[in-house]
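# Structural features, examined
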Amino acid sequence: ARRVFLTGISHAETLGERYYLSKLLNSVGWLYNELGDPDTAREWNLRALESVRGSHGERVTEAERHALLNLATDELTAGNLGAAAEHLRAFQPLLDQREYGLIRYLNRYQLVRGELALAQGDPVSTLGAANEATLLATEKGMKKNLAKSRLLAGRAHLMQGRPREA
């Protein structure tokens, strides 16, 4: 998979193709985080963000959203809560932009926001984010995100010492 992504990145760079380049960089960053390497993931996601923001007025908002959420997740995985919060703050202005697929970013944003609150020891904010994510996932039939939001809520209940609700 890595080789295929790197080949795609090389071709996109050679052709000056910004749209797919940013998406490929995001994907490689996400993949490294999934493999448990948040430092390498951060490098790829920063490249994706630079690619998006350096695209001469042709910002790829979708890729920018993914890059910021990926970076917040990378920092959470690495235990850098302040940096994770910064990336979520940078994401917030993008919430006002209406476009197709926004619900997916909003749902993922709520999940990452909840994970950050949990890591900060704030089960009330975690439950708020988890509940919002649950509503969005239920409304749009996003089963994976529904499971993630319920797991997040359960972890918040455990933090509150309420195992029955978990």
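About the thresholds
- By convention here, each chain's residues receive numbers from 1 onward along its written sequence.
- Note on the predicted model: pLDDT of at least 70 is required for a residue's local features to be given, and 80 or more for side-chain atom pairs to be given and counted; whole-chain, interface and lining totals, by contrast, use all residues.
- Just so you know, side-chain values use all the structure's heavy atoms and leave hydrogens and water out.
- A run of H or I in DSSP counts as a helix once it spans at least four residues, and a run of E counts as a strand once it spans at least two, with each numbered from the N terminus.
- Here the globule rule is a power law, 2.2 Å times the number of residues to the power 0.38, and the radius of gyration is based on C-alpha atoms.
- Between buried and exposed lies partly exposed: a residue is buried under 20% and exposed over 50% of the maximum accessible area for its type, with that area taken using a 1.4 Å probe on protein chains only.
- Whether two residues are in contact is decided by their heavy atoms: any pair within 4.5 Å suffices.
- Charge counting treats Lys and Arg as positive and Asp and Glu as negative, with His and both chain ends excluded.
- A charged residue contributes its charge at one atom only: NZ of Lys, CZ of Arg, CG of Asp or CD of Glu.
- In this analysis, axes come from line fits to C-alpha atoms, helices being fitted only over the stretch in contact, and the angle between any two N-to-C directions falls in the range 0 to 180 degrees.
- The labels follow the angle: roughly parallel below 35 degrees, roughly antiparallel above 145, roughly perpendicular from 65 to 115, and oblique for the rest.
- Whether a crossing is left-handed or right-handed is set by the direction in which the near helix is turned from the far one by less than a right angle, anticlockwise for left-handed and clockwise for right-handed.
- For this classification, Asp, Glu, Lys and Arg are treated as charged, while Ala, Val, Leu, Ile, Met, Phe, Trp, Tyr, Cys and Pro are nonpolar and the rest, including Gly, are polar.
- Helices are assigned an expected span. That span is 1.5 Å times one less than the residue count.
- Stacked, tilted and edge-to-face are the three classes applied to pairs of Phe, Tyr and Trp rings, where Trp contributes its six-membered ring and a pair requires centres within 6.5 Å; stacked means planes under 30 degrees apart, edge-to-face means over 60, and tilted covers the rest.
- Criterion for a salt bridge: a side-chain nitrogen of Lys or Arg within 4 Å of a carboxyl oxygen of Asp or Glu.

### Brief notes about the overall build of the chain
Looking only at helices and strands, the chain features eight helices and zero strands. Seen in sequence order, the chain has helices and strands lined up from the N terminus as α-α-α-α-α-α-α-α. Relative to its length of 166 residues, the chain is compact, with a C-alpha radius of gyration of 17 Å against a globular reference of 15 Å. Dimensions of the chain along its principal axes, counting C-alpha atoms only, are 55 × 30 × 25 Å. Relative to its full complement of 166 residues, the chain shows a buried share of 43%. Long-range pairs, those at least 24 residues apart, make up 55% of the contacts in the chain with a sequence separation of at least 6. Side-chain charges in the chain split into 22 positive and 20 negative, and the spacing between the mean points of these groups amounts to 6 Å.

### Examining the packing of helix 5 (residues 81-91) against helix 6 (residues 102-119)
The geometry of a pair of packed helices is captured by two quantities: the angle between their axes and the separation between those axes. Contact geometry for helix 5 and helix 6: axes closest at 11 Å, N-to-C directions at 155°. Considering their axes alone, helix 5 and helix 6 lie roughly antiparallel with respect to each other. Taken as a pair, helix 5 and helix 6 cross one another with a handedness that is left-handed. Only Tyr105, Tyr109, Val112, Arg113, Leu116 and Ala119 of helix 6 make contact with helix 5, whose side of the interface consists of Leu81, Ala84, Ala85, Leu88 and Phe91. For the contact of helix 5 with helix 6, a count of residues per class yields ten nonpolar, no polar and one charged.

### With respect to the side chain of His157
Along the chain, His157 turns up in helix 8 (residues 143-159). Taking the relative accessible area as the measure of exposure, His157 reaches 13% and is therefore buried. Not counting the four nearest positions on each side in its chain, His157 is found in contact with Leu127, Arg162, Glu165 and Ala166.

### Side note on the side chain of Asn26
For Asn26, the location among the structural elements is in helix 2 (residues 18-34). With near-sequence residues (within four places) excluded, Asn26 lies in contact with Asn45, Ala48, Ala63, His66, Ala67 and Asn70.

### Section: helix 8
With 17 residues, helix 8 extends 24 Å from end C-alpha to end C-alpha; this agrees with the ideal 24 Å at 1.5 Å per step. Among all positions of helix 8, only Asn145, Leu146, Ser149, Leu152, Ala153, Gly154, Ala156 and His157 are buried. Looking at the packing, one finds that the buried side of helix 8 touches helix 6 and helix 7 (123-140). Remark: Gly161 follows helix 8 within two positions and exhibits a positive phi of approximately 75°.

### Some thoughts on the packing of aromatic side chains
Following the criterion strictly, the structure yields two aromatic pairs and no others. Seen from their ring centres, Tyr19 and Tyr20 are 4.9 Å apart, and the 90° between their planes marks the pair as edge-to-face. On the accessibility criterion, Tyr19 (33% relative accessible area) is partly exposed. When the centroid spacing of 5.1 Å and the interplanar angle of 15° are considered together, the rings of Phe91 and Tyr109 count as stacked. Here Phe91, found in helix 5, pairs with Tyr109, found in helix 6; they are 18 residues apart in sequence, far enough to count as distant. By the burial criterion, Phe91 is buried, and Tyr109 matches it.

### Some details on the pattern of salt bridges
Following the criterion strictly, the structure yields nine salt bridges and no others. With its nearest N and O atoms 2.7 Å apart, the salt bridge here joins Arg42 to Glu75. Note that Arg42 is positioned in helix 3 (residues 38-53) and Glu75 in helix 4 (residues 61-78), a separation of 33 residues in sequence. Neither residue differs from the other here; Arg42 and Glu75 are each classed as buried. Within the structure, one salt-bridge network assembled from shared partners comprises Asp39, Arg42 and Glu75.

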